[in-house]
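Descriptive analysis of the structure
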Amino acid sequence: KGDPKIDIVMFRENTEDLYAAVEFCPLPKEHFDLHPGMERFKKCSEVAVSWRVFSHEGCERIIRAAFEYAKENGRKKVHCCNKANVIRQTDGMMKRLFLEIAKEYEPYGIQAIEENADATAMWLIKNPQEYEVVVASNVFGDILSDEASQLTGGLGFAPSGNIGQETAL
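Throughout this description, residue numbers start from 1 for each chain and increase along the sequence as written. Confidence filtering applies because this is a predicted model: local features only for residues at pLDDT of at least 70, side-chain atom pairs given and counted only at 80 or more, and all residues used for totals across whole chains, interfaces and linings. Processing note: side-chain calculations cover all non-hydrogen atoms of the structure and skip hydrogens and water entirely.

1. Quick word on the packing of helix α1 (residues 56-72) against helix α2 (residues 90-105)
- A fitted line through C-alpha atoms serves as each axis, taken over the contacting stretch for helices, and the angle formed by two N-to-C directions is quoted from 0 to 180°. Helix and strand definitions follow DSSP, with helices as H or I runs of at least four residues and strands as E runs of at least two, each counted in order from the N terminus. Interaxial distance between α1 and α2 falls to 9 Å at its minimum, and their mutual angle equals 35°. Between α1 and α2 lies a crossing whose hand is right-handed. Here His 56, Cys 59, Glu 60, Ile 62, Ile 63, Arg 64, Phe 67, Glu 68 and Lys 71 of α1 come into contact with α2, specifically with Met 93, Met 94, Leu 97, Phe 98, Ile 101, Ala 102, Glu 104 and Tyr 105. Left-handed describes a crossing in which the near helix is turned anticlockwise from the far one by less than a right angle; the clockwise case is right-handed. Contacts were defined at the residue level, with two residues in contact if any of their heavy atoms lie within 4.5 Å.

2. Comments concerning unusual backbone geometry
- Put simply, Cys 25 and Pro 26 share a cis peptide bond, and its omega is 0°.
- With respect to the secondary-structure elements, Pro 26 resides in the loop between β2 (23-24) and β3 (49-50).
- The phi dihedral of Asp 17 is positive, around 65°, even though this residue is not glycine.
- Considering the arrangement of structural elements, one finds Asp 17 in the loop between β1 (9-12) and β2.
- Here Asp 17 falls in the buried class, since its relative accessible area comes to 1%.
- Its identity is not glycine, yet Ala 21 carries a phi of approximately 60°, on the positive side. Each residue is assigned to one of three classes by its accessible area relative to the maximum for its type, calculated with a 1.4 Å probe on protein chains only: buried under 20%, partly exposed between the two thresholds, exposed over 50%.

3. Focus: helix α4 (residues 138-149)
- Expected span, for any helix, means 1.5 Å times one less than how many residues it has. With twelve residues, α4 ought to run about 16 Å at 1.5 Å a step, and its terminal C-alpha atoms sit 16 Å apart, in line with that.
- Most of α4 sits inside the fold, with nine of its twelve residues counted as buried.
- Looking at α4, one finds that the buried residues are Asn 138, Val 139, Phe 140, Gly 141, Asp 142, Leu 144, Glu 147, Ala 148 and Ser 149.
- For α4, the secondary structure elements touched by its buried residues are β1, β4 (77-82), α2, α3 (117-126) and β6 (133-136).

4. Some words on the packing of α3 against α4
- Where α3 contacts α4, the two axes come as close as 10 Å, and the packing angle between them is 10°. By the angle between their directions, the pair α3 and α4 is classed as roughly parallel. Contact residues: α3 offers Ala 117, Thr 120, Ala 121, Leu 124 and Ile 125, while α4 offers Phe 140, Leu 144, Glu 147 and Ala 148. Here the word oblique covers every angle except those under 35 degrees (roughly parallel), over 145 (roughly antiparallel) and from 65 to 115 (roughly perpendicular).

5. Things to note about the state of the cysteines
- Note on terminology: disulfide denotes any pair of cysteine sulfur atoms within 2.5 Å. Counted by the stated rule, this structure contains zero disulfides.
- In this structure Cys 25 is a free cysteine whose sulfur lies 12 Å from that of Cys 44, the closest cysteine sulfur available.
- Free of any disulfide, Cys 81 has its nearest cysteine sulfur in Cys 80, 6.6 Å distant.
- On the basis of relative accessible area, Cys 81 is assigned to the buried category, the value being 1%.

This is the structure in structure tokens:
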């Protein structure tokens, strides 16, 4: 809202995560045996499941795009927002790849900061000037970019684009 020190660019993976739309309702009986964590739901009357799908390629693509943007535009911080402490497999992969790729950008003076998405949500409000480039999964990126847009007055004031390797809109 007029603070010239706030200039945040969000990178959100836009083809995977919960938005991949791999969902079941009712859940087929054979799926209850896919993971031991499903045992407690076997006696429920109705179960709906959404698969949170991440690929190495999707994570690497969006993380590299964020670091390349930072390098090309003189940005010195890239934040990776995730919940790897709870969502260990999908966000764990995102976090691991972020930390691996970050090493390649150390010579450019780019600081890699990995943090929980809920903490990012809080700090975006409290200290938005600390954020330069943010990379996140599809769902967390959607939520955080909407939140960050409020810093400028709302969604109508926040430019956005879906930019792929071959097409963009």
